[in-house]
Amino acid sequence: MMEFHSSSDICQYTPAKTPENPQVAPTTSRVSPWLSPLAYLLGRHFLLPLFFGRISITGRKNIPTTGPVILAPTHRARWDALLVPYAATDCLTAKDLRFMVTITECQGLQGWFVRRLGGFPVDIQHPSIRTLRHGVELLQQKKALVIFPEGGIYRNGKVHPLKPGIARLALSAESSHSGLGVKIIPISINYSQPYPNWGTDVNIHIGSAIEVADYVNGSIKQNAKYLTADLAKGLQQLSHQESEITSHQTVLSNEC
């Protein structure tokens, strides 16, 4: 199972390595016209329904069908990378999805698949300006970009402090073209078990879109803080909603 990590620190980059260095992977992304539809078909209709118990999705109407969008899910397990497309592809075609992934996951056979499913690399230890530029370019092309804003997997169900890069990337894209209309969609993913296994239930809550254009006036640094705080608030509200549902289900179970 391939694991997609957040590259939300890309704006706090160090100087890029020289192009002659063979360890530096080119920052490009594409989706295979045959592999991607096949992978989504198998995942959607066979792998995920057979592995998991109940998969509940709420708020699909909050995902815009057009325009540039950043899907910002909580990160609870490696399965998240498959469940985000599962939840979103009714609204967004698979060809529109792009993932920021760690540079190590773009190597070998796994890397071959990752690159053809819309993944592109970022070196977490030495983030490059090229990664930021490519992310901005994708949004300018009105693609959908998936970034896990917490930066890592957290299995305790709580929303952890968000990395600032997702907001800076969104603001850079929105500022580059007046009226671009970048939106950030908070998504809460929760499993009935910390380490999902066969029969685990999944609840996915998709929150209301955050309009990045509302944050472009004034200091980008300060606006990035406001945008990050509002995204965190959106994720926390979805997490609280999940907690209320779980508590209600527990009460009903005890009453029975």
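Parameters at a glance
- Residues numbered from 1 in each chain as written.
- Predicted model: local features only at pLDDT ≥ 70, side-chain atom pairs only at ≥ 80, totals over all residues.
- Heavy atoms only, no water.
- Core = buried A, V, L, I, M, F, W, Y, C linked by side-chain atoms within 4.5 Å.
- Buried < 20%, exposed > 50% of the residue type's maximum accessible area, 1.4 Å probe, protein only.
- Helix = DSSP H or I, 4+ residues; strand = E, 2+ residues; numbered from the N terminus.
- Contact = heavy atoms within 4.5 Å.
- Expected span 1.5 Å × (residues − 1).
- Phe/Tyr/Trp six-rings, centres within 6.5 Å; stacked < 30°, edge-to-face > 60°.
- pLDDT = per-residue confidence, 0-100.
- Salt bridge = Lys/Arg side-chain N within 4 Å of Asp/Glu carboxyl O.

1. Here's the deal with the nonpolar core
Item 1. Within the largest apolar cluster, 30 residues are counted, with the highest numbers of intra-cluster contacts made by Phe52, Leu71, Leu83, Leu97, Tyr191, Val202 and Ile204.
Item 2. Those elements that provide at least two residues to this core are helix H1 (35-51), strand E2 (69-73), helix H2 (80-88), strand E3 (97-102), strand E5 (144-146), strand E6 (183-191) and strand E7 (202-206).
Item 3. Sort the elements by how many residues they give to this core and H2 lands first, with five residues.
Item 4. When sequence neighbours within four positions are dropped, the list of residues in contact with Ile204 reads Ser56, Ile57, Thr58, Leu83, Ala87, Ile187, Ser188 and Ile189.

2. Concerning helix H4 (residues 129-140)
Item 1. End to end, H4 covers 16 Å across twelve residues, agreeing with the expected 16 Å (1.5 Å per residue, within 8%).
Item 2. Those residues of H4 not exposed but buried are Thr131, Leu132, His134, Gly135, Val136, Leu138 and Leu139.
Item 3. In the segment just after H4, Lys142 is the residue with positive phi, at about 65°.

3. Examining the packing of aromatic side chains
Item 1. Using the criterion set out here, one finds four aromatic pairs in the structure.
Item 2. Geometrically, the ring pair formed by Phe51 and Phe52 is edge-to-face, given 5.0 Å between the ring centres and 85° between the ring planes. Comparing Phe51 with Phe52, the two get one shared label, buried.
Item 3. When the ring of Phe52 is compared with that of Trp79, the centres are 5.1 Å apart and the planes differ by 75°; the resulting orientation is edge-to-face. Here Phe52 is found in the loop between H1 and strand E1 (55-58), whereas its partner Trp79 is found in the loop between E2 and H2, with 27 residues between them in sequence.

4. Describing the confidence of the model for the protein chain
Item 1. Looking at the protein chain as a whole, its pLDDT mean stands at 81, while 77% of the residues score no less than 70.
Item 2. Per-element mean pLDDT across the protein chain ranges from 75 in helix H3 (residues 108-116) up to 98 in strand E8 (residues 210-211).
Item 3. Note on residues 1-26: pLDDT under 50 across the span, and 77 contacts to partners over four residues away in sequence or across chains.
Item 4. Low pLDDT, under 50, characterises residues 250-256; the predicted model gives this stretch zero contacts beyond four residues in sequence or across chains.

5. As for the side chain of Thr228
Item 1. With respect to the element layout, Thr228 can be found in helix H6 (residues 220-255).
Item 2. Relative accessible area serves as the criterion here: at 13%, Thr228 is assigned to the buried category.
Item 3. Every residue in contact with Thr228, bar those within four places of it in the chain, is listed here: Leu162, Lys163, Pro164 and Ala167.

6. Remarks on unusual backbone geometry
Item 1. You will see that Lys142, though not glycine, has its phi angle at about 65°, which is positive.
Item 2. Within the fold, Lys142 resides in the loop between H4 and E5.

7. As for the environment of Leu162
Item 1. Relative to the helices and strands, Leu162 is located in the loop between E5 and helix H5 (165-176).
Item 2. Taking the relative accessible area as the measure of exposure, Leu162 reaches 14% and is therefore buried.
Item 3. Along the backbone, Leu162 and Phe148 are 14 residues apart, and their C-alpha atoms lie at a distance of 8.9 Å.

8. Some words on the pattern of salt bridges
Item 1. Inspection of the entire model under this criterion finds two salt bridges.
Item 2. In this structure, Glu150 engages Arg76 in a salt bridge whose closest nitrogen and oxygen atoms are separated by 3.0 Å. Here Glu150, found in the loop between E5 and H5, pairs with Arg76, found in the loop between E2 and H2; they are 74 residues apart in sequence, far enough to count as distant. Both residues of the pair, Glu150 and Arg76, count as buried.
Item 3. For Glu211, the salt bridge identified is with Lys183, shortest N-O distance 3.8 Å. One end of the pair, Glu211, is in strand E8; the other, Lys183, is in strand E6, with 28 residues separating them in the sequence.

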